[in-house]
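Next come the chains, spelled out residue by residue.
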Amino acid sequence: MRIQSLLFVTAELLVFACHGLLAAANELPTPSFANVVWTTPSKNSSGSMPLGNGDIGLNVWVEEGGDLLLYVGKTDSWDENGRLLKLGRLRLHFSENPFAKGRPFRQTLHLDRGEIEILAGESGGELRLLIWVDANRPVVRIEADADQDLDLETRLEIWRKSDQMESLPDGLACCHRNATSVWASTMTVQNLAPLIPKLHDPLLGLTSGILVTGDNLIVAGTGTLRSKAPGKRFLVSVHPLVAQTDSVKHWLAQLRKQAEAVNQVPLDEARAGHRAWWQAFWQRSWIAMSGSLEAQKVCENYQLQRFLATCAGRGRYPIHFAGSIFTVDGTLETAGNRKGLGIPDVYDADFRMWGRAYWFQNTRLLYWHALMAGDFEILQPLFRMYRDALPLAEQRTRLYFRHPGAFFPETMTFWGTYLNENYGVDRRGKKPGCLLYTSPSPRDS
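Our subject in this report is the structure included herewith. The shown structure was predicted, so the numbers you read here are calculated from the model rather than taken from an experiment.

The nine strands lie next to each other as 1-6-7-8-9-16-13-12-11, forming an open sheet whose pairing is antiparallel. Only two strands of the sheet have a single neighbouring strand rather than two, namely strand 1 (36-38) and strand 11 (164-167). Mean inter-strand twist for the sheet, computed between neighbouring axes without regard to direction, equals 15°. Of the strand pairs in this sheet, strand 9 (residues 140-150) and strand 16 (residues 231-244) are connected by seven bridges, and their pairing is antiparallel. If you follow Glu143 over to strand 16, its bridge partner there is Leu235. Where helix 3 (residues 248-262) meets the sheet, it contacts strand 9, strand 11, strand 12 (172-177), strand 13 (206-215) and strand 16, and its direction lies at approximately 130° from that of strand 16.

Here's what the structure looks like:
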């Protein structure tokens with residue numbers, strides 16, 4: 001109770017201090033001073049900007065060859081092994097290459113609007129791109145506006161052999177479907193098999209993917225949309241869905257229904273509502289400091305970290321400490337040559353150095369700021385995960401320790417078990433590095 005009271009008192013003092021600063025400045029502070037601006041394209045996904053609406057996340061970057069690329073992630077896209085996957089990679093290729101080396105280029109992350117704006121090309125031949133993940137709806141919008149007619153080709157790219165591309169007459173779709181599940185294995189290995197009939201497998205049949213559509217675009221082969229004719233304006237929309245369904249067919253029908261509902265709202269109205277959400281968010285609380293360079297950097301970093309947490313913190317599951325939904329592909333070299341940490345020589349965007357489980361000691365650090373900032377909605381997924389895992393924790397405690405109560409392990413799958421590699425197939429003599437203490441079940445002795 002004392003700790004809780006101290007936290008709220010501290011939060012109140014912070015708010016009062018901010019209001020005092022505001023009165024002195026006589027205006028509402030905005031985070032725009034911390035906007036990130038790049039003046040050259042990137043080499044690869046390591047040079048990407050993050051964006052999101054709390055559940056859907058993007059890595060956005062531009063390459064000199066004329067392509068805009070996006071990785072699409074989601075907070076609940078778990079595979080059959082309990083690993084959080086990307087939904088796909090989207091590549092938009094523009095003719096006349098506005099991103100060629102030496103041409104004017106400006107890519108801006110607008111914190112106050114939750115948008116990425118890209119300006120490229122010379123005056124009179126400029127391309128303007130606006131990328132945003134609707135704060136109020138499950139959709140990604142990519143708006144293109146050019147001074148001169150361009151051709152646009154949009155390609156949906158997948159790299160996992162287990163994924164499948166769906167052939168559609170009016171768009172692109174791909175998904176990953178869990179035909180198997182590690183859930184039952186973790187329950188069995190950890191001597192929890194008697195609980196299986198009482199609990200629900202959250203992985204089996206889970207289907208994760210996206211539907212890509214475009215105004216003035218037509219299907220031009222597997223995984224490709226192409227402009228009907230050269231034009232100045234294009235809109236590409238990405239509709240993600242993760243759901244447990246009977247089949248891919250049912251998943252796709254559910255996704256189409258979702259997309260239809262989203263598209264009932266006119267684009268201008270949706271964009272205005274999206275910007276209003278972010279404006280209200282930044283006016284909820286604020287920290288603004290000036291003076292030394294150190295104070296300025298601390299202030300900027302606070303805005304960026306709060307933005308990043310909000311981009312990934314309103315989904316079904318908590319922010320994953322190992323890269324959140326913004327992981328990228330790379331090599332051991334791009335990872336800093338940190339040998340001995342299990343980093344492959346080459347890894348894809350689904351790789352997480354510290355594995356697929358939640359580690360509470362690390363996860364909690366992503367949430368402390370939310371108490372003081374008043375960002376209570378991003379706390380809900382964290383509390384919800386532990387609440388949903390409570391029945392398992394209670395029954396495990398009765399089975400292992402023969403008393404009522406509940407315990408949660410430090411390294412935990414989102415449904416509440418240890419990872420098998422942490423727990424061990426045979427508990428006798430086991431001294432796991434991540435688990436300080438685990439009492440064996442009577443069946444192990």
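Moving on: the sheet that holds strand 3 (residues 56-63). Taken in spatial order, the seven strands of this open sheet run 2-3-4-5-10-15-14, and their pairing is antiparallel. Every interior strand has two partners, whereas the edge strands, strand 2 (49-52) and strand 14 (217-219), have only one. Each strand axis lies, on average, 25° off the axis of its neighbour in the sheet, ignoring direction.

Time to look at the layout of surface pockets. In this approach a probe as big as a water molecule rolls over the atoms, and the regions it shows empty are the leftover space. One number sums up the size of the largest pocket: a volume of about 450 Å³. What lines the largest pocket is a set of 23 residues, among which Phe321, Ala322, Gly323, Ser324 and Thr327 lie closest to the centre. In terms of residues, the lining of the largest pocket owes the most to one element, helix 5 (residues 293-312), which gives four residues. Taken as a whole, the second largest pocket holds about 340 Å³ of empty space. For the second largest pocket, the lining is made up of 17 residues, of which His200, Pro202, Asp388, Phe414 and Trp415 are closest to its centre. Those elements giving two or more residues to the lining of the second largest pocket turn out to be helix 2 (183-189), helix 8 (380-388) and helix 9 (390-401).

Tracing the chain through its elements places Gln258 in helix 3. One polar contact links the side chain of Gln258 to the main-chain carbonyl oxygen of Pro240, over a distance of 2.8 Å. With sequence-adjacent residues up to four places away left out, Gln258 is seen in contact with Pro138, Pro240 and Leu241.

Our next topic: the environment of Ala322. As for its placement among the helices and strands, Ala322 is situated in the loop between helix 5 and strand 17 (330-331). For Ala322, the contacting residues outside a window of four places in its chain are Thr327, Arg352, Trp354 and Gly355.

Below, the discussion takes up the packing of aromatic side chains. Evaluated as defined, the whole model comprises 23 aromatic pairs. Centre to centre, the rings of Tyr71 and Trp159 are 5.5 Å apart; their planes meet at 80°, and the pair counts as edge-to-face. Placement of the pair is Tyr71 in strand 4 (residues 67-78) and Trp159 in the loop between strand 10 (152-157) and strand 11, with a sequence separation of 88 residues. Ring centres of Tyr317 and Phe414 lie 4.6 Å apart, and the angle between their planes is 55°; on these two criteria the pair is classed as tilted. On the criterion of sequence distance, the pair formed by Tyr317 in the loop between helix 5 and strand 17 and Phe414 in the loop between strand 20 (411-412) and helix 10 (420-423) is long-range, its members being 97 residues apart. On the basis of relative accessible area, Tyr317 is assigned to the buried category, the value being 9%. Overall, Phe414 belongs to the buried group, its relative accessible area being 6%. Here the guanidinium or amino end of Arg160 rests over the ring plane of Trp159, the centre of that ring lying 5.1 Å away.

A separate point is the pairing of strand 13. Burial within strand 13 is extensive, with eight of its ten residues counted as buried. Inspection of the sheet shows strand 12 paired to strand 13 by six bridges, in the antiparallel sense. When the bridges of strand 13 are listed, Arg177 appears paired with Thr207. Looking at chain direction, strand 13 and strand 16 are connected through ten bridges and run antiparallel. Residue Leu211 lies in a different strand from strand 16, and its bridge partner there is His239.

Attention shifts here to empty space enclosed by the protein. For the structure shown, the criterion picks out five cavities of 30 Å³ or more. A volume near 60 Å³ is recorded for the largest cavity. Pro29, Thr30, Pro31, Phe33, Trp282, Ser285, Trp286, Ile287, Ala288, Gln303 and Arg306 are the residues that line the largest cavity. Residue classes in the lining of the largest cavity are distributed as seven nonpolar, three polar and one charged.

It is worth spelling out the pairing of strand 3 at this point. The buried fraction of strand 3 amounts to eight of the eight residues, a majority that puts the element mostly inside the structure. Of the two faces of strand 3, the one carrying Ile56, Leu58, Val60 and Val62 and the one carrying Gly57, Asn59, Trp61 and Glu63 are both buried. By the bridge criterion, four bridges tie strand 2 to strand 3 in an arrangement that is antiparallel. From the neighbouring strand, Leu51 faces strand 3, where its bridge partner is Leu58.

Quick look at the side chain of Asn420 now. Checked against the element boundaries, Asn420 lands in helix 10. Of the residues examined, Asn420 reaches a relative accessible area of 17% and is grouped as buried. At 3.1 Å, the side chain of Asn420 and the side chain of Ser185 are in polar contact. Side chain to side chain, Asn420 and Gln190 meet in a polar contact 3.1 Å long. Those residues within four positions of Asn420 in sequence are excluded, and the remaining contacts are Ser185, Thr186, Val189 and Gln190.

Each value, and the rule that gives it
- Residues numbered from 1 in each chain as written.
- Predicted model: local features only at pLDDT ≥ 70, side-chain atom pairs only at ≥ 80, totals over all residues.
- Heavy atoms only, no water.
- Pairing = 2+ DSSP bridges.
- Helix = DSSP H or I, 4+ residues; strand = E, 2+ residues; numbered from the N terminus.
- Axes fitted to C-alpha atoms, helices over the stretch in contact; angles between N-to-C directions.
- Contact = heavy atoms within 4.5 Å.
- 1 Å grid on protein atoms, 1.4 Å probe; cavity = no way out; pocket = protein on both sides within 12 Å on 5 of 7 lines; lining within 4 Å.
- Points joined across faces, edges and corners; volume = space filled by probe spheres on them.
- Polar contact = N/O pair within 3.5 Å; in protein donor to acceptor, adjacent residues only side chain to side chain.
- Phe/Tyr/Trp six-rings, centres within 6.5 Å; stacked < 30°, edge-to-face > 60°.
- Buried < 20%, exposed > 50% of the residue type's maximum accessible area, 1.4 Å probe, protein only.
- Lys NZ or Arg CZ within 6 Å of the ring centre and 35° of its normal.
- Nonpolar A, V, L, I, M, F, W, Y, C, P; charged D, E, K, R; others polar.

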